[in-house]
Amino acid sequence: MQQTGSHTFSFFEVQVARIRSLTPDAVEIALHIPGELKPHFDFVPGQHLMLEVCLDGNTYRRSYSLCNAPGEPLTLAVKRMPGGIVSNFLVTRLKVGDLLRISTPVGSFRLDAVHKHVVLIGAGSGITPLLSMFRNGTHRRLKMSLLYGNQSPESTMFWDEFNSFNPSARVTHFFSQAHETGCFFGRINGETLSSYFTSYPEDLRAEGYYLCGPSGMIDSVRAYLETQGISSKRIHSEYFSAPEVDNAGLVKNEISKSQMCVILEGDRYEVQWHSSDATMLESIRKDGINAPFSCKKGVCGSCRAKVSKGSVNLFSNYALTEEEIQEGYILTCQCVPTSEILEVSFDE
Ligand code: FES
């Protein structure tokens with residue numbers, strides 16, 4: 001069993017119950033969770049699972065958001081990415097009845113249960129955590145607006161579902177390569193959002209804004225909302241991909257080694273970090289400690305831990321909020337120590 005932040009998670013093997021084609025390069029995968037495991041798979045809309053896949057002798061770990069509402073059969077949606085080893089396998093080779101090794105749900109991107117009016121903004125496969133929120137919000141009759149960006153109707157995942165009548169939700173499509181009646185033309189950005197909110201000014205008074213997609217979309221939407229006076233506390237986001245940043249220069253550090261005390265599942269381990277290890281996570285795992293991780297890009301938050309002694313340099317972060325950083329949380333896959341003594345806990 002492993003822990004991330006305050007969320008304990010475990011890995012289980014479960015069977016693929018159903019595979020449904022969504023677009024020419026995306027599928028929805030329903031998983032069969034046996035009755036005795038069901039309590040392990042309670043989750044809040046927006047959270048994700050980690051998948052561990054062994055292909056040609058290599059083990060890969062990837063995060064996929066749940067797209068069902070709580071209480072419905074567990075489903076993931078996967079879009080094939082250029083060069084994506086795991087996504088290609090899942091879209092083209094996975095079969096009903098196969099076993100998949102999945103973690104229990106994790107993640108701090110979550111629909112706030114007290115919100116009554118929410119705006120969901122996503123692009124491409126960033127729709128998956130928003131779909132879970134949308135389905136949950138439909139059951140709860142939340143006032144919802146979904147803004148969904150794609151190239152064209154043909155490349156839009158869950159097109160039919162979003163176009164069926166829903167009394168509590170407004171769905172607005174943005175297409176970058178297709179002119180469609182009643183839809184916006186162009187990517188979701190400050191310019192197209194300005195047109196949208198001119199038509200629907202009430203959506204500037206929502207209690208929560210939930211954004212998921214590529215980094216460029218999230219950054220431009222966040223910047224636009226903040227110019228409209230919406231405080232950052234009302235804006236929640238999850239990046240589906242990090243921008244390509246060369247961290248090589250940032251990894252250079254003033255110190256070349258650090259003595260770390262690592263707390264995981266109540267146990268304490270002494271680990272030496274050396275500058276040749278690059279990140280803290282690499283040092284920790286090299287010592288055989290089963291610290292949690294998934295993307296290793298500062299996006300998924302799986303490797304989150306809390307520093308209680310010493311200091312670090314966090315060089316890439318797309319998962320932690322300002323408040324979490326102030327409280328001492330770090331992403332161990334994106335950190336090097338800046339003090340010779342460090343204490344860090346994965347249990348908080
Ligand atoms: S492993 Fe994903 S943020 Fe560190």
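Residues numbered from 1 in each chain as written. Predicted model: local features only at pLDDT ≥ 70, side-chain atom pairs only at ≥ 80, totals over all residues.

A. Representation of the overall build of the protein chain within the structure. When its secondary structure is counted, the protein chain shows eight helices and 21 strands. Each of the three principal axes of the protein chain carries a C-alpha extent, and together these read 60 × 50 × 35 Å. Here the analysis covers contacts within the protein chain between residues at least 6 apart in sequence; of these, 68% occur between residues at least 24 apart. (Helix = DSSP H or I, 4+ residues; strand = E, 2+ residues; numbered from the N terminus. Contact = placed C-beta atoms within 7 Å.)

B. Main features of the domain arrangement of the protein chain. By domain assignment, the protein chain separates into domain 1 (2–103), domain 2 (117–241) and domain 3 (248–345). The centre of domain 1, based on its C-alpha atoms, is set 27 Å off from the matching centre of domain 3. (Domains from an automatic or database assignment.)

C. Fine view of the sheet that holds strand 6 (residues 58–65). Read from one edge of the open sheet, six strands run 6-5-8-3-4-7, paired in antiparallel fashion. Each end of this open sheet is capped by a strand with a single partner; those strands are strand 6 and strand 7 (75–79). Adjacent strand axes in the sheet meet at a mean angle of 40° when their direction is disregarded. (Pairing = 2+ DSSP bridges. Axes fitted to C-alpha atoms, helices over the stretch in contact; angles between N-to-C directions.)

D. Inspection of unusual backbone geometry at higher detail. Positive phi is not limited to glycine here, since D56 has a value of about 50°. One can find D56 in the loop between strand 5 (48–55) and strand 6. A positive phi angle is found at K296, which is not glycine, with a value near 55°. Tracing the backbone through its elements, the reader meets K296 in the loop between helix 7 (280–286) and strand 17 (304–309). What makes K296 partly exposed here is the crowd of 17 C-beta atoms within 10 Å. (Buried ≥ 20, exposed ≤ 12 C-beta atoms within 10 Å, placed from the backbone.)

E. Seen up close, helix 5 (residues 215–227). An ideal rise of 1.5 Å per residue puts 18 Å on 13 residues; helix 5 measures up with 18 Å between its terminal C-alpha atoms. Buried within helix 5 are the following residues: M217, I218, V221 and L225. What you see down the axis of helix 5 is that its buried residues fit within an arc of 95°, all on one side. Looking at helix 5, the residues exposed on the side facing more than 90 degrees away from the buried face are A223 and T227. (Expected span 1.5 Å × (residues − 1). Arc of directions from axis to C-beta.)

F. Quick peek at the nonpolar core. Membership of the largest hydrophobic core comes to 79 residues, with the highest contact counts inside it found for V78, L120, L130 and Y210. Beyond its immediate stretch of four places on either side in the chain, L120 contacts L130, M133, F134, M144, L146 and Y210. (Core = buried A, V, L, I, M, F, W, Y, C linked by C-beta atoms within 7 Å.)

G. Structural context of the sheet that holds strand 19 (residues 329–331). Here we have five strands laid out as an open sheet, ordered 16-15-21-17-19, and mixed in their pairing. Two strands in the sheet have a free side with no partner beyond their single neighbour: strand 16 (267–274) and strand 19. In this sheet, neighbouring strand axes are inclined to one another by 35° on average, regardless of whether the strands run parallel or antiparallel. By the bridge criterion, three bridges tie strand 17 to strand 21 (residues 341–345) in an arrangement that is antiparallel. From the neighbouring strand, K306 faces strand 21, where its bridge partner is S345.

H. Representation of the confidence of the model for the protein chain in the model. Across the protein chain, pLDDT averages 90, with 94% of residues at or above 70. Here strand 1 (residues 2–4) stands out as the element of the protein chain with the lowest mean pLDDT, 37, in contrast to strand 9 (residues 117–123), whose mean of 97 is the highest. Considering only residues more than four positions removed or in separate chains, one finds that residues 1–7, a stretch of pLDDT under 50, has 23 contacts. (pLDDT = per-residue confidence, 0-100.)

I. Up close: helix 2 (residues 127–140). Over its 14 residues, helix 2 extends 19 Å from the first C-alpha to the last, a length consistent with the 20 Å expected when each residue adds 1.5 Å. For helix 2, every residue scored as buried is listed here: I127, T128, P129, L130, L131, S132, M133, F134, R135, N136 and G137.

J. Highlighting the pairing of strand 5. With eight bridges connecting them, strand 5 and strand 6 associate as antiparallel partners. By the bridge assignment for strand 6, L55 is matched with N58. Here strand 5 folds back onto strand 6 in antiparallel fashion, the turn holding two residues, of which D56 has a positive phi close to 50°. Summarising the sheet, strand 5 and strand 8 (residues 99–103) pair through two bridges and their orientation is antiparallel. Along strand 8, the bridge assignment pairs E52 with R101.

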